Amino acid sequence: KGIMDCAIRIAKEEGIGTFWRGCKPFVCRCCVVGATQVGTYDQFKSLFSSWGINGKSNVAFSSMIAGIVYTTAAMPFESAKNRMASQKPNANGVLPYRSTFQTIAKVAAQEGLAKLYSGLVPYILFCGGHTLLMFSAMEELRRMYSSKMV
C-alpha cells in the first residue's frame, strides 16, 4: 500500500519508539568510530612519514590501519546496535537488551567475547575500503584547496 501505510502500521502495532530502536547504540558506535578513525589515521600518517613513506602510499597504509583499528574497536558496539535494533520482546513484553553496555556484557557473558566480533573480517574489508576512499578524497581536496590558497 505504501510507505505511509507501513509507518502507520508499525506505530500502531509496535509503538512510536520502534522507529528509534537502535539509535542510542548507533550514536555510541559513531563516537567510537570518530575517536579512533581520525586519530589513528593522523598518528600512522606521522609515523609512516618519519619512516620516509610519503604521498599516496602513506595515505593508503595509514587509512587501512586506521580502518582496522576502528573496526576492531567499534565491532562490539556494532554487534550491540544490531541486536538492539532487531530485538523482540519476550512473552512478558520485556526486551532482552536495555542499553549498549548491558548488551555487550550480556552477549560476552552468555555467548563469549568472540561473539561480539562475529563478522569482523568482512567488516574490516568494508570499513577499510571506505576509510581508504574517504581519506584519499580528503587529502586530494586538501591538496586542491591548498594550491588555490597559494
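Summary of the structure given here. (Residues numbered from 1 in each chain as written. Predicted model: local features only at pLDDT ≥ 70, side-chain atom pairs only at ≥ 80, totals over all residues. Heavy atoms only, no water.)

1. Some remarks on the packing of aromatic side chains
This model, assessed by the stated rule, comprises six aromatic pairs. Centroid distance phenylalanine 48 to phenylalanine 61: 6.0 Å. Interplanar angle 65°. Geometry classified as edge-to-face. Taken together, the positions of phenylalanine 48 in helix H2 (residues 23–50) and phenylalanine 61 in helix H3 (residues 55–86) put the pair 13 residues apart, joining distant regions of the chain. Judged by its relative accessible area of 44%, phenylalanine 61 falls in the partly exposed class. The rings of Phe44, Phe48, Trp51 and Phe61 are connected pair by pair, giving a single aromatic cluster. (Phe/Tyr/Trp six-rings, centres within 6.5 Å; stacked < 30°, edge-to-face > 60°. Helix = DSSP H or I, 4+ residues; strand = E, 2+ residues; numbered from the N terminus. Buried < 20%, exposed > 50% of the residue type's maximum accessible area, 1.4 Å probe, protein only.)

2. Some words on H2
An α-helix turns once every 3.6 residues. As a result, residues three or four positions apart point the same way. Counted at 1.5 Å a residue, the expected span for H2 with its 28 residues is 40 Å, and the 41 Å between its end C-alpha atoms agrees. For H2, the set of buried residues is Pro25, Arg29, Val32, Val33, Thr36, Gln37, Thr40, Tyr41 and Phe48. Glycine 52 sits one or two positions beyond H2 and adopts a positive phi of about 90°. (Expected span 1.5 Å × (residues − 1).)

3. Focus: a nonpolar patch on the surface
A cluster of nonpolar side chains, Ile3, Met4 and Ile8, forms an exposed patch at the surface whose accessible area comes to about 360 Å². Relative to the helices and strands, isoleucine 8 is located in helix H1 (residues 3–14). (Patch = residues over 30% accessible without salt bridge, like charges linked within 9 Å, V, L, I, M, F, W, Y side chains within 5 Å. Areas by Shrake-Rupley, 256 points an atom, 1.4 Å probe, with all protein chains shown as cover. Salt bridge = Lys/Arg side-chain N within 4 Å of Asp/Glu carboxyl O.)

4. Observations concerning the pattern of salt bridges
Scanning the model with the defined rule gives seven salt bridges in all. A salt bridge links glutamate 78 to arginine 29; the shortest N-O distance between them is 2.4 Å. Placement of glutamate 78 in helix H3 and of arginine 29 in helix H2 is noted, with a sequence separation of 49 residues between them. Residue class for glutamate 78 comes out buried when judged on its relative accessible area of 13%. Classification of arginine 29 as buried rests on a relative accessible area of 13%. Where salt bridges share partners, they join Arg29, Glu78 and Lys81 into one cluster.

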